[in-house]
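# Notes for the structure review
One letter stands for each residue in the lines below.
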Amino acid sequence: MNRPPRFVARTLLLGLAAVVAVTALGGCKAPKSKRIAIAGPAVAAGAAVGLDVQNQNGGVKVVVTSWRPEPVVVARTRTGGRVATEGENAQAWIAAESVDQDGRSVLRVLASPAEGGAGEPVDLVIFVPRCDGLTVRNAGGPVEVIGVAGAVDVESGGAGRPGGWIRVRSDHPVAAPVRLITDEGTIVCVVTPDSAGRISMNAPHGSAKIFAPETVLLGAQVSQTAISATLNGGSNDIVLHTASGDAQLIVRERPESYLTPRFKP
(Lines give C-alpha, C1' and ligand atoms only; values in the text may rest on other atoms or scores of the structure.)
Protein backbone atom coordinates (compact mmCIF):
# COMPACT_ATOMS: atom_id res chain seq x y z
CA MET A 1 0.00 0.00 0.00
CA ASN A 2 1.41 3.38 -1.01
CA ARG A 3 1.69 5.91 1.79
CA PRO A 4 0.92 9.58 1.17
CA PRO A 5 4.12 11.68 0.91
CA ARG A 6 3.07 13.74 3.96
CA PHE A 7 2.68 10.56 6.10
CA VAL A 8 6.09 9.27 5.02
CA ALA A 9 7.77 12.60 5.78
CA ARG A 10 6.12 12.77 9.20
CA THR A 11 7.24 9.21 10.00
CA LEU A 12 10.82 9.98 9.00
CA LEU A 13 10.83 13.13 11.15
CA LEU A 14 9.50 11.26 14.18
CA GLY A 15 12.10 8.55 13.72
CA LEU A 16 14.89 11.10 13.42
CA ALA A 17 13.67 12.91 16.55
CA ALA A 18 13.73 9.64 18.48
CA VAL A 19 17.30 8.93 17.38
CA VAL A 20 18.40 12.43 18.38
CA ALA A 21 16.71 12.07 21.78
CA VAL A 22 18.38 8.73 22.50
CA THR A 23 21.75 10.08 21.41
CA ALA A 24 21.36 13.14 23.61
CA LEU A 25 20.40 11.05 26.62
CA GLY A 26 23.27 8.68 26.06
CA GLY A 27 25.77 11.52 25.72
CA CYS A 28 24.61 13.43 28.81
CA LYS A 29 26.38 12.23 31.92
CA ALA A 30 24.71 12.89 35.25
CA PRO A 31 27.00 14.07 38.05
CA LYS A 32 28.42 11.12 39.94
CA SER A 33 27.88 11.26 43.68
CA LYS A 34 28.76 9.23 46.74
CA ARG A 35 26.31 8.39 49.50
CA ILE A 36 27.93 8.76 52.91
CA ALA A 37 27.13 6.15 55.56
CA ILE A 38 25.66 7.57 58.76
CA ALA A 39 27.07 6.08 61.96
CA GLY A 40 25.24 5.98 65.30
CA PRO A 41 21.63 5.21 66.23
CA ALA A 42 18.99 5.42 63.53
CA VAL A 43 16.81 8.51 63.58
CA ALA A 44 13.22 7.60 64.48
CA ALA A 45 10.65 8.47 61.84
CA GLY A 46 9.08 11.85 62.57
CA ALA A 47 11.50 12.62 65.41
CA ALA A 48 12.96 16.07 65.94
CA VAL A 49 16.35 16.30 64.24
CA GLY A 50 19.06 18.92 64.50
CA LEU A 51 21.79 19.35 61.89
CA ASP A 52 25.41 20.35 62.46
CA VAL A 53 27.30 20.57 59.15
CA GLN A 54 30.91 21.56 58.49
CA ASN A 55 32.47 21.58 55.03
CA GLN A 56 35.92 23.11 54.88
CA ASN A 57 36.10 23.16 51.08
CA GLY A 58 32.75 23.06 49.34
CA GLY A 59 29.09 24.01 49.33
CA VAL A 60 26.24 22.73 51.47
CA LYS A 61 22.64 22.09 50.51
CA VAL A 62 20.02 20.98 53.04
CA VAL A 63 16.54 19.93 51.90
CA VAL A 64 13.70 18.81 54.14
CA THR A 65 11.61 16.19 52.36
CA SER A 66 8.93 14.69 54.59
CA TRP A 67 8.45 11.64 52.36
CA ARG A 68 11.95 10.35 53.09
CA PRO A 69 11.98 7.85 55.97
CA GLU A 70 15.57 8.64 57.01
CA PRO A 71 18.35 11.20 56.49
CA VAL A 72 20.56 10.87 53.41
CA VAL A 73 23.99 12.48 53.00
CA VAL A 74 25.48 12.75 49.51
CA ALA A 75 28.85 14.13 48.40
CA ARG A 76 29.72 15.22 44.87
CA THR A 77 32.50 17.00 43.03
CA ARG A 78 32.14 20.14 40.94
CA THR A 79 33.38 18.41 37.79
CA GLY A 80 30.89 15.56 38.07
CA GLY A 81 33.62 13.01 38.71
CA ARG A 82 33.23 10.34 41.35
CA VAL A 83 34.05 11.42 44.88
CA ALA A 84 37.04 9.63 46.39
CA THR A 85 37.35 9.54 50.17
CA GLU A 86 40.14 6.97 50.42
CA GLY A 87 43.49 6.24 48.79
CA GLU A 88 46.02 8.43 46.99
CA ASN A 89 43.39 10.23 44.91
CA ALA A 90 41.11 11.13 47.82
CA GLN A 91 39.65 14.64 47.58
CA ALA A 92 38.15 14.80 51.05
CA TRP A 93 37.59 13.01 54.31
CA ILE A 94 33.87 12.85 55.07
CA ALA A 95 32.04 11.50 58.10
CA ALA A 96 28.40 11.53 59.22
CA GLU A 97 27.11 10.52 62.63
CA SER A 98 23.78 10.56 64.44
CA VAL A 99 23.96 11.27 68.17
CA ASP A 100 21.44 11.76 70.96
CA GLN A 101 21.68 15.23 72.45
CA ASP A 102 19.30 16.85 74.93
CA GLY A 103 16.50 14.45 74.09
CA ARG A 104 16.67 14.75 70.32
CA SER A 105 18.72 13.36 67.46
CA VAL A 106 21.50 15.49 66.01
CA LEU A 107 23.05 14.63 62.67
CA ARG A 108 26.67 15.76 62.42
CA VAL A 109 28.39 15.90 59.03
CA LEU A 110 32.03 16.86 58.56
CA ALA A 111 34.01 17.19 55.32
CA SER A 112 37.65 18.26 55.26
CA PRO A 113 40.20 18.27 52.40
CA ALA A 114 42.39 15.19 52.23
CA GLU A 115 46.06 15.76 52.95
CA GLY A 116 48.02 16.05 49.73
CA GLY A 117 44.82 15.99 47.69
CA ALA A 118 44.16 18.02 44.55
CA GLY A 119 42.09 20.50 46.51
CA GLU A 120 38.96 20.05 44.37
CA PRO A 121 35.88 21.25 46.28
CA VAL A 122 33.43 18.58 47.41
CA ASP A 123 29.82 19.66 47.92
CA LEU A 124 27.46 18.10 50.46
CA VAL A 125 23.75 17.55 49.79
CA ILE A 126 21.73 16.46 52.82
CA PHE A 127 18.11 15.28 52.75
CA VAL A 128 16.21 14.95 56.02
CA PRO A 129 12.54 14.14 56.74
CA ARG A 130 12.49 16.83 59.43
CA CYS A 131 14.90 19.47 60.72
CA ASP A 132 14.36 21.50 63.89
CA GLY A 133 17.53 23.56 64.00
CA LEU A 134 20.58 23.93 61.77
CA THR A 135 24.20 25.03 62.06
CA VAL A 136 26.44 25.27 58.97
CA ARG A 137 30.09 26.27 58.76
CA ASN A 138 31.67 26.11 55.34
CA ALA A 139 34.11 27.68 52.91
CA GLY A 140 34.69 27.38 49.20
CA GLY A 141 31.06 27.25 48.14
CA PRO A 142 27.47 28.42 48.65
CA VAL A 143 24.81 27.30 51.13
CA GLU A 144 21.18 26.55 50.31
CA VAL A 145 18.61 25.62 52.95
CA ILE A 146 15.02 24.58 52.17
CA GLY A 147 12.26 23.69 54.63
CA VAL A 148 14.14 23.92 57.93
CA ALA A 149 12.31 24.93 61.13
CA GLY A 150 13.81 26.35 64.32
CA ALA A 151 17.08 28.26 64.67
CA VAL A 152 19.29 28.62 61.60
CA ASP A 153 22.95 29.59 61.92
CA VAL A 154 25.04 29.73 58.74
CA GLU A 155 28.54 31.14 58.41
CA SER A 156 30.30 30.83 55.05
CA GLY A 157 33.97 31.61 54.50
CA GLY A 158 37.16 31.09 56.46
CA ALA A 159 40.40 29.10 56.71
CA GLY A 160 41.84 30.96 53.75
CA ARG A 161 38.90 30.15 51.48
CA PRO A 162 36.07 32.50 50.49
CA GLY A 163 32.47 31.83 51.36
CA GLY A 164 29.60 31.86 48.90
CA TRP A 165 26.05 32.98 48.47
CA ILE A 166 23.44 31.88 51.03
CA ARG A 167 19.78 31.16 50.28
CA VAL A 168 17.25 30.12 52.91
CA ARG A 169 13.58 29.30 52.26
CA SER A 170 11.07 27.72 54.61
CA ASP A 171 7.31 27.48 54.91
CA HIS A 172 7.75 27.33 58.71
CA PRO A 173 7.29 30.75 60.36
CA VAL A 174 10.49 32.20 61.78
CA ALA A 175 10.23 32.40 65.58
CA ALA A 176 13.82 31.47 66.54
CA PRO A 177 17.16 33.16 65.81
CA VAL A 178 18.35 33.27 62.21
CA ARG A 179 21.98 34.17 61.52
CA LEU A 180 23.28 34.21 57.94
CA ILE A 181 26.83 35.52 57.40
CA THR A 182 29.16 35.30 54.41
CA ASP A 183 32.33 37.08 53.36
CA GLU A 184 31.45 36.81 49.66
CA GLY A 185 28.10 36.54 47.91
CA THR A 186 24.47 37.57 48.10
CA ILE A 187 22.18 36.45 50.92
CA VAL A 188 18.50 35.79 50.19
CA CYS A 189 16.18 34.80 53.05
CA VAL A 190 12.53 34.09 52.21
CA VAL A 191 10.10 33.87 55.16
CA THR A 192 6.35 33.61 55.78
CA PRO A 193 4.18 36.67 56.61
CA ASP A 194 3.63 35.40 60.17
CA SER A 195 7.36 35.27 60.88
CA ALA A 196 8.75 37.58 63.54
CA GLY A 197 12.07 38.92 64.78
CA ARG A 198 14.50 41.79 65.15
CA ILE A 199 16.09 42.37 61.77
CA SER A 200 19.71 43.40 61.29
CA MET A 201 20.98 43.53 57.70
CA ASN A 202 24.36 44.74 56.53
CA ALA A 203 25.88 44.76 53.02
CA PRO A 204 28.68 47.36 53.04
CA HIS A 205 29.72 46.68 49.43
CA GLY A 206 26.24 45.98 48.07
CA SER A 207 22.65 46.81 48.97
CA ALA A 208 20.28 45.78 51.76
CA LYS A 209 16.59 45.38 50.91
CA ILE A 210 13.40 44.10 52.52
CA PHE A 211 10.44 43.08 50.35
CA ALA A 212 7.46 42.99 52.74
CA PRO A 213 4.50 44.86 51.25
CA GLU A 214 1.86 43.62 53.74
CA THR A 215 3.93 42.99 56.87
CA VAL A 216 4.29 45.10 60.00
CA LEU A 217 7.79 46.59 60.36
CA LEU A 218 8.43 48.78 63.38
CA GLY A 219 11.32 51.12 64.16
CA ALA A 220 12.83 50.76 60.72
CA GLN A 221 16.16 52.44 60.08
CA VAL A 222 17.11 52.14 56.44
CA SER A 223 20.12 53.06 54.34
CA GLN A 224 21.48 51.76 51.04
CA THR A 225 23.68 49.19 52.77
CA ALA A 226 22.02 48.52 56.15
CA ILE A 227 18.57 47.96 57.63
CA SER A 228 17.34 47.43 61.17
CA ALA A 229 13.68 46.88 62.05
CA THR A 230 11.33 44.70 64.06
CA LEU A 231 9.16 42.24 62.14
CA ASN A 232 5.74 41.53 63.68
CA GLY A 233 6.96 42.44 67.16
CA GLY A 234 9.39 39.52 67.45
CA SER A 235 12.33 39.44 69.87
CA ASN A 236 14.50 36.77 68.19
CA ASP A 237 17.37 38.02 66.02
CA ILE A 238 17.25 37.79 62.22
CA VAL A 239 20.76 38.67 61.02
CA LEU A 240 21.87 38.90 57.38
CA HIS A 241 25.45 40.14 56.91
CA THR A 242 27.53 39.89 53.75
CA ALA A 243 30.95 41.48 53.32
CA SER A 244 30.67 41.46 49.52
CA GLY A 245 27.24 41.14 47.94
CA ASP A 246 23.61 42.05 48.58
CA ALA A 247 21.34 41.15 51.50
CA GLN A 248 17.64 40.51 50.80
CA LEU A 249 14.80 39.56 53.13
CA ILE A 250 11.64 38.56 51.26
CA VAL A 251 8.30 38.07 53.05
CA ARG A 252 5.73 36.08 51.09
CA GLU A 253 3.36 33.14 51.20
CA ARG A 254 4.85 29.69 50.62
CA PRO A 255 8.55 30.62 50.56
CA GLU A 256 9.61 27.14 49.50
CA SER A 257 7.86 27.64 46.16
CA TYR A 258 9.83 30.83 45.56
CA LEU A 259 12.08 30.10 42.61
CA THR A 260 15.77 30.86 42.95
CA PRO A 261 18.61 29.86 40.60
CA ARG A 262 19.64 26.24 40.84
CA PHE A 263 22.26 25.21 43.37
CA LYS A 264 25.49 25.79 41.46
CA PRO A 265 28.67 26.19 43.48
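Residue indices begin from 1 for each chain and proceed along its sequence in written order. Only residues with pLDDT of at least 70 get local features here, since the model is predicted, and only at 80 or more are side-chain atom pairs given and counted; chain-wide, interface and lining totals rely on the full set of residues. The side-chain quantities take in all heavy atoms of the structure and omit both hydrogens and water.

### A few points about the overall build of the protein chain
For the record, the criterion: In DSSP terms, a helix is any run of H or I states spanning at least four residues, a strand is any run of E spanning at least two, and both are numbered starting from the N terminus. When accessible area is computed with a 1.4 Å probe and restricted to protein chains, residues below 20% of their type maximum are described as buried, those above 50% as exposed, and intermediate ones as partly exposed. In this analysis, two residues are considered to be in contact whenever any of their non-hydrogen atoms come within 4.5 Å of each other. Working definition of accessibility: Shrake-Rupley area with a 1.4 Å probe, residue cover restricted to the visible protein chains.
From N to C terminus, the protein chain includes one helix and 20 strands. The 265 residues of the protein chain split such that 42% are buried. Sequence-distant contacts in the protein chain: of pairs separated by 6 or more residues, those separated by 24 or more amount to 66%. Accessible surface, the protein chain as shown: approximately 14000 Å² in total, 54% of it carbon and sulfur.

### Looking at the confidence of the model for the protein chain
Spelled out, the test is: Along the chain, pLDDT gives the predictor's confidence residue by residue, from 0 to 100.
Averaged over every residue, the pLDDT of the protein chain is 83; residues scoring 70 or more account for 80%. A low-confidence stretch, residues 5–31 stays under pLDDT 50, and its non-local contacts, those more than four residues away or across chains, total two contacts.

### With respect to the side chain of Thr65
Tracing the backbone through its elements, the reader meets Thr65 in the loop between strand 4 (60–64) and strand 5 (72–77). The residues touching Thr65, leaving out its near neighbours within four places in the chain, are Phe127, Val128 and Pro129.

### With respect to the nonpolar core
Our working definition: We define the nonpolar core as a collection of buried residues of types Ala, Val, Leu, Ile, Met, Phe, Trp, Tyr and Cys that are connected through side-chain atoms lying within 4.5 Å of one another.
Leu51, Ile94, Ile126, Leu134 and Leu180 are the most contacted members of the largest nonpolar core, which has 47 residues in total. Per element, the largest residue contribution to this core is four residues, and it comes from strand 8 (residues 122–128).

### A short note on unusual backbone geometry
Although it is not a glycine, Asn232 sits at a positive phi angle of roughly 50°. In this structure, Asn232 sits in the loop between strand 18 (226–231) and strand 19 (237–242). A relative accessible area of 32% means that Asn232 is categorised as partly exposed. In this structure, Arg254 is a non-glycine residue whose phi angle is positive, near 50°. Counting through the fold element by element, Arg254 comes out in the segment after strand 20 (247–251).

### Details of the sheet that holds strand 3 (residues 49–55)
Under the convention used in this document: In this analysis, strands are considered paired if DSSP registers two or more bridges between them.
With mixed pairing, the eleven strands of this open sheet are ordered in space as 2-6-7-3-9-11-13-19-15-18-17. Unpaired on one side and paired on the other, strand 2 (38–39) and strand 17 (217–222) mark the two borders of the sheet. As defined by bridge partners, strand 3 adjoins strand 9 (residues 132–138) across five bridges and the pair is classed as parallel. Note on strand 9: the bridge partner recorded for Asn55 is Asn138.

### Details of the pairing of strand 3
Among the seven residues that make up strand 3, five are buried, leaving the element largely enclosed by the rest of the structure. Of the strand pairs in this sheet, strand 3 and strand 7 (residues 104–113) are connected by seven bridges, and their pairing is parallel. In the sheet register, Asn55 faces strand 7, and the bridge partner there is Ala111.

### Regarding the pairing of strand 7
Along any regular strand the residues' side chains alternate between the sheet's two faces. Alignment of strand 6 (residues 92–101) against strand 7, held across ten bridges, turns out to be antiparallel. In the sheet register, Ala96 faces strand 7, and the bridge partner there is Val109. Taking the residues that link successive antiparallel strands as the turn, the strand 6-strand 7 hairpin has two residues, and the phi of Asp102 there is positive, at about 55°.

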